[in-house]
Amino acid sequence: MRLTEATAQTPTGTAEKTELLPPLRARDAAGVAADVLLPVLAQGVIVRRPSAMSLAERTGWDRRGVERVRALRDRYGPGPLTVRGRSYALVLDPDDAERVLADTPEPFHPAAREKRGALAQFQPHGVLVSSGPQREQRRRFVEEVLETAQPLHGMADRFTSVVRQEAAELLAGADRSGQLVWDEFDAAWWRIVRRLVLGDAARDDTTLTAQLGTLRQAANWSLLSPRRRRLRSAFLARVRSYVARPQPGSLAERVAAVDAPAGTDRAGQIPHWLFAYDAAGMAAGRALVLLATHPDEADRARAEALEGQPDTPRTLPYLRGCALESVRLWPTTPLILRESTEETSWEGGKLPAGCVLAVYTPYLHRAEPAAPYQDIFAPQQWTGETGRAARGNPALLPFSSGPAGCPGENLVLLTVSTLLAALLERHRYSLASHPQLRPAAPVPAALDHFALRFRVHPAGRGTDTD
Ligand code: HEM
């Protein structure tokens, strides 16, 4: 039986029995540290490290994490797996994950200590690290500016034209060289992000992105890294300067226009958006990998891209499904963290207050909870046309869920799907890096986006698999 019994002192001094979830055996806990925590930390939680990404891809490190957790689930059952005494617990059951994310911020608070330590480096007032009434007002403000509930943001007209302009410039280079490499893709992506978030004046402000990059590198070390106070002030002042002179058609314009109670720190919410848009760039590049290696899905995506008026905002459901699959297969937040504010009860026993619960998405997205698609690229599961809809499966959490779920999801899907449509309309791609991706083979657990390289052909010549 999984229960262990411990005794605790009540305030009156009488001993009371508490049933605690049993800790993992030392060997199993070491396995979790080596195959689950270490790869996540080594690859970088706040900004990815190229050398570790490459190592993870070559050695199948991420696959080992999923296999390790699957074996532990078989041995210990579905309840959260506790590590390091009971200060950490891995959440593996889809219903438990749903509960943890729905019962946020009480008793499962999103501002876990590890996040507070890391994110204070560049967004000390971000909603993600806020508590109490301040969290509520910041979240309300963020949702209003990002238009969380809307598939097409009110500024979608302008956003569509920005994305298409930058895509055209990127493709002009690809037409000349016959290839597309990550550094060029990434540079174009950041031009898009700066224009959408801060306005056209920020298009070439690579200094801002570099400052954020340095602060994020420090943030990778969470509480272990000293604060880069001077750099943080310079970066935040630069962000605020764009809000002080808001550019038309940018999120900064909305930030300046939307009222919010004192203490919201409206401009102070922007650093998270810039940081998080980086993950969307990775997702976009990887979605292109999936399309370049899956010709049937690429045909369907291209057909959608060619329907309707390209310059008007479109919901592009199939391309959104491709973006969602990219994040499902390679989650950009492999551990979604919560810290319990009180003792909590589970089927197998209790967890104390102050326990950090980690929803381990690589397992939920790839192992049995993700059936029937698991290691298969299946954008159609997000469009509502399959028997088992991904949206109804609590195991699939590319953008998390519940009151602290990603408020930028629709904006991300709009940006990424519009970019993919522009890239696919008149061009075909074959993957010159990562040759192991094939429609009939399981999608690999790790994909080092830094190494991405495509050969680019005009549509009508060449194939998406080559
Ligand atoms: C592929 C791109 C992205 C992915 C996969 C993603 C995913 C996530 C995830 C998993 C969380 C954590 C939620 C939780 O703890 O339950 C989150 C939080 C958040 N995301 Fe995103 N995100 C992306 C891009 C963006 C963008 C571009 C923005 C803004 C423009 C954004 C805004 C936020 C904010 C403000 C939070 C904190 C929410 C809160 O604490 O209430 N995200 N996102």
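Only a predicted model underlies this, so the values are computations on that prediction, with no experimental measurement involved.

Enquirer: Would you mind going over the site of the ligand with me for this structure?
Expert: The local shell around the ligand holds 25 residues, among which Arg135, Arg139, Arg338, Ser400 and Cys406 are the closest. The contact in question runs from an oxygen atom of the ligand to an N or O atom on the side chain of Arg135, over 2.6 Å. A distance of 2.7 Å separates an oxygen atom of the ligand from a polar side-chain atom of Arg139. Breaking the shell around the ligand down by element, the ones donating at least two residues are α6 (132-146), α12 (270-293) and β7 (335-340). In terms of residue count, the dominant contributor to the shell around the ligand is α12 (6 residues). Of the residues in the shell around the ligand, the class split is 16 nonpolar, 5 polar and 4 charged.

Enquirer: I tried to follow the environment of Glu325 on my own but got confused; where do I start?
Expert: Among the secondary structure elements, Glu325 is positioned in helix α14 (residues 317-329). Residue Glu325 is classed as buried on the basis of its relative accessible area, which comes to 0%. Side chain to side chain, Glu325 and Arg328 meet in a polar contact 2.7 Å long. A distance of 2.8 Å separates a polar atom in the side chain of Glu325 from a polar atom in the side chain of Trp382.

Enquirer: Mind showing me how you'd approach the packing of aromatic side chains here?
Expert: In this description, an aromatic ring pair is defined by two values, namely the gap between the centres and the angle between the planes. Under the defined criterion, the tally for this structure stands at 4 aromatic pairs. Judged by centre distance (5.9 Å) and plane angle (45°), the ring pair of Phe108 and Trp346 falls under tilted. Of this pair, Phe108 sits in strand β5 (residues 108-109) while Trp346 sits in strand β8 (residues 344-346), placing them 238 residues apart in sequence. Neither residue differs from the other here; Phe108 and Trp346 are each classed as buried. On the basis of an interplanar angle of 65° and a centroid distance of 6.0 Å, the ring pair of Trp189 and Tyr277 is categorised as edge-to-face. Here Trp189, found in helix α8 (residues 182-198), pairs with Tyr277, found in helix α12; they are 88 residues apart in sequence, far enough to count as distant. Assessed through its relative accessible area of 1%, Trp189 is described here as buried. Taking NZ or CZ as reference, Arg99 lies 4.0 Å from the ring centre of Trp346, over its face.

Enquirer: Looking at this structure, how should I read the packing of helix α7 (residues 156-177) against helix α16 (residues 409-425)?
Expert: When two helices pack together, their arrangement is captured by the angle between the axes and the distance separating the axes. Contact geometry of α7 with α16 gives a least axis separation of 9 Å together with a crossing angle of 40°. On the basis of their axis angle, the class for α7 and α16 is oblique. Crossing of α7 over α16 shows right-handed handedness. Facing Ala156, Phe159, Thr160, Val163, Arg164, Ala167, Leu170 and Leu171 of α7, the residues of α16 in contact are Leu411, Leu414, Thr415, Thr418, Leu419, Ala422, Leu423 and Glu425. Among the residues forming the contact of α7 with α16, the class breakdown is 11 nonpolar, 3 polar and 2 charged.

Enquirer: What am I meant to see in the sheet that holds strand β12 (residues 453-458) here?
Expert: Strand pairing in a sheet takes place through backbone hydrogen bonds and is either antiparallel or parallel in direction. Spatial strand order, β6-β12-β11: 3 strands in an open sheet with antiparallel pairing. Looking at the sheet topology across the chains shown, the edges are occupied by β6 (179-181) and β11 (427-431). The sheet shows a mean angle of 30° between the axes of neighbouring strands, direction not considered. Where β11 lies against β12, 5 bridges are found, and the strand directions are antiparallel.

Enquirer: So what exactly am I meant to see when it comes to the environment of Val327 here?
Expert: Within the secondary structure layout, Val327 lies in helix α14. Spatially, the C-alpha atoms of Val327 and Arg266 are 28 Å apart, while their sequence positions differ by 61 residues. In this view, Val327 contacts Ala283, Thr332, His365 and Pro398; residues no more than four positions away in its chain are not counted.

Enquirer: Explain the coordination of the iron atom of the ligand here, please?
Expert: Under perfect tetrahedral coordination by four donors, a metal shows angles of 109.5 degrees; under perfect octahedral coordination by six donors, it shows angles of 90 or 180 degrees. For the iron atom of the ligand, the protein contributes exactly one donor atom, Cys406 (SG), at 2.3 Å. Note on placement: Cys406 falls in the loop between α15 (361-366) and α16.

Enquirer: So what exactly am I meant to see when it comes to the nonpolar core here?
Expert: Inside soluble globular proteins, nonpolar side chains tend to come together where they are buried. Within the largest apolar cluster, 97 residues are counted, with the highest numbers of intra-cluster contacts made by Leu274 and Tyr429. For this core, the leading source of residues is α12, giving 14 residues. The next biggest cluster of nonpolar side chains, apart from the first, holds 36 residues, and it includes Val83, Leu90, Leu92 and Ala358.

Here is what the cut-offs are and how they apply
- Residues numbered from 1 in each chain as written.
- Predicted model: local features only at pLDDT ≥ 70, side-chain atom pairs only at ≥ 80, totals over all residues.
- Heavy atoms only, no water.
- Near = heavy atom within 4 Å.
- Polar contact = N/O pair within 3.5 Å; in protein donor to acceptor, adjacent residues only side chain to side chain.
- Helix = DSSP H or I, 4+ residues; strand = E, 2+ residues; numbered from the N terminus.
- Nonpolar A, V, L, I, M, F, W, Y, C, P; charged D, E, K, R; others polar.
- Buried < 20%, exposed > 50% of the residue type's maximum accessible area, 1.4 Å probe, protein only.
- Phe/Tyr/Trp six-rings, centres within 6.5 Å; stacked < 30°, edge-to-face > 60°.
- Lys NZ or Arg CZ within 6 Å of the ring centre and 35° of its normal.
- Axes fitted to C-alpha atoms, helices over the stretch in contact; angles between N-to-C directions.
- Parallel < 35°, antiparallel > 145°, perpendicular 65-115°, else oblique.
- Left-handed = near helix turned anticlockwise from the far one by under 90°.
- Contact = heavy atoms within 4.5 Å.
- Pairing = 2+ DSSP bridges.
- Donors = N, O, S within 2.8 Å, 3.2 Å for Na, K, Ca; no water.
- Core = buried A, V, L, I, M, F, W, Y, C linked by side-chain atoms within 4.5 Å.

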